[in-house]
Amino acid sequence: MAMAMAAAGRLEQQGEDAFRRLFKYYKRRKPPPDLSAVLDFSRAQKNLKVLIAPLHAASVSDRDACKAGLRPVRKWKAYTLAGYPGFTFISDPFLPGWQRYWAKQCLKIYPRKPNVCNLDLHMSPEETKDLWEQSREQLRLKGSDKREAKSLLEKLRWVTLGYHYNWGTKKYSADHHTTFPVDLAYLSEQVAAACGFHQFKAEAGILNYYHFDSSLGIHVDESEIDCSKPLLSFSFGQSAVFLLGGLKRQDCPLPMFMHSGDIMIMSGGSRLLYHAVPRILPNVEGGLLPSCLVQTTASNNHQSDEGDWQICAKYLESSRVNMTVRQVLGAGQCFPVDTDCERRDAAQAYPQDYSTEKNERKLDRTDVAESPDLL
């Protein structure tokens, strides 16, 4: 870390802010960064900045937790950070086999129409209707040659669910909404309740799909009408370096690992903190996949069939999927009226065939969906 801070000092003299310089440091390939100062919550007991986070175990029954694929709340390992009120990190609370279920949902189910994805911007709705079916055989046969053509699923960068985030206006609107996935809403609401947010309603989701050369730029999630509700983040697949900053973009961030199965909650004083993901890392255990994704259980009624899981596993050997879930509106709130300019921008950002509830009803009701800015 001393090398990182020395480099940061030189860049600061050149007028570059603390967040940007550390983002570049952890993103660089040659020479690779020193990761010894990156906080690892799976080994957090000796870090004086890490505190045990209080949970509301009585708010979620063991049965309700199990239904979402979670261990009993009393068995979760949850942490917070001194100086970051409202920040909670839960280290893989999933039951064996359930990470497979959620990873498969992210790859097979949630990208389906009527949900919106980055490929819709330059492909027809028919071409992006079911990316899984169009990609599965190509992924199954994929070798190690990086020059091989990428499947559509490998070109996927983001998917939006519920109230669809408009990347042009950076807003949500009532006009661009489809049904939020019931299973993901249930998972999110159990996690929120365990953290003390008993009235949380999952209304919008963004799924980000990362590969080893991907990064997520410095940003703050402030587009929701009601930012008093928490932001929930779920990770599956390869690990990432996550940078948690301050209320100002130039504030120096704290680096931490996010491993497969980890959940992060940003609320209260941490809800509007700047953050970023500069780097995706190969499995720290040494295998192609984290051991938590190898686990199976006969009691999991949602267990993927082996053929589907092999496709998911092939994808996740070099990728990470992140789901972020948020509540957009508070009780009694509604969206402000869009200007003509904003309506025009929204029309350009979303394919008309899939932007409204009216059009959604024309499609298969099982095709239900979720991401901020990938660099």
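Note that the structure is a prediction, hence the values are computed from the model and not measured. Sequence order as written defines residue numbering, which begins from 1 separately in each chain. Note on the predicted model: pLDDT of at least 70 is required for a residue's local features to be given, and 80 or more for side-chain atom pairs to be given and counted; whole-chain, interface and lining totals, by contrast, use all residues. The basis for every side-chain value is the complete set of heavy atoms in the structure, and neither hydrogens nor water enter the calculation.

Draft legend 1. Main features of helix H8 (residues 306-316). Regarding H8, the residues found buried are Asp308, Trp309, Ile311, Cys312, Ala313, Tyr315 and Leu316. By definition in these notes, contact holds between two residues if any of their heavy atoms fall within 4.5 Å. The numbering of helices and of strands both runs from the N terminus, where a helix is a DSSP run of H or I of at least 4 residues and a strand a run of E of at least 2. Where H8 is buried, its residues contact helix H4 (98-109), helix H5 (131-140), helix H6 (152-155), strand S6 (204-211), strand S8 (231-237) and strand S13 (319-326). Each residue gets one of three labels from its accessible area relative to the maximum for its type: buried under 20%, exposed over 50%, partly exposed in between, using a 1.4 Å probe on protein chains only.

Draft legend 2. Summary view of the sheet that holds S13. When DSSP finds two or more bridges between two strands, those strands count as paired. Spatially, the nine strands line up as an open sheet ordered S1-S2-S3-S11-S8-S13-S6-S5-S4, and their pairing is antiparallel. Each of the sheet's edge strands pairs with one partner strand only, and the pair in question is strand S1 (50-52) and strand S4 (116-117). Where S1 and strand S2 (residues 78-81) come together, three bridges link them in antiparallel fashion. Each residue of the ladder has a partner; that of Val50, found in S2, is Leu81. Axes here mean lines fitted to C-alpha atoms, for a helix over just the part in contact, with angles spanning 0 to 180 degrees between N-to-C directions. Each of strand S3 (84-90), strand S5 (158-162), S8, strand S11 (263-266) and S13 touches helix H7 (residues 182-194); the most contacted strand, S8, lies at about 115° to it. Contacts from H8 reach S6, S8 and S13, with the element oriented near 100° to S13.

Draft legend 3. A look at the confidence of the model for the protein chain. The share of residues in the protein chain with pLDDT of 70 or more is 83%, and the mean pLDDT across the chain is 86. Values of pLDDT, ranging from 0 to 100, describe the predictor's confidence in every residue of the model. In the model, residues 11-15 has pLDDT below 50 throughout and makes three contacts with residues more than four positions away in sequence or in other chains. Confidence drops under a pLDDT of 50 for residues 300-304, and excluding neighbours within four residues, the segment shows 11 contacts in the predicted structure.

Draft legend 4. Summary view of the packing of aromatic side chains. When the centres of two rings from Phe, Tyr and Trp lie within 6.5 Å, Trp using its six-membered ring, the rings pair. Their planes under 30 degrees apart give stacked, over 60 give edge-to-face, and anything left gives tilted. For the coordinates displayed, the defined rule picks out 10 aromatic pairs. Between the aromatic rings of Tyr25 and Tyr26, the centroid separation amounts to 5.1 Å while the plane-to-plane angle is 80°, which identifies the pairing as edge-to-face. A residue is classified by how much of its surface remains accessible, and Tyr26, at 0% relative accessible area, is buried. Through a chain of ring-to-ring contacts, three or more aromatic side chains come together here, namely Trp158, Tyr165, Trp167 and Tyr172. A cation over an aromatic ring shows up here: Arg20 above the ring of Phe23, its NZ or CZ 5.3 Å from the ring centre. Sitting above the plane of the Tyr210 ring, Arg320 keeps its charged end 4.9 Å from the centroid. Whether a charge sits over a ring depends on NZ of Lys or CZ of Arg being within 6 Å of the ring centre and within 35 degrees of the ring normal.

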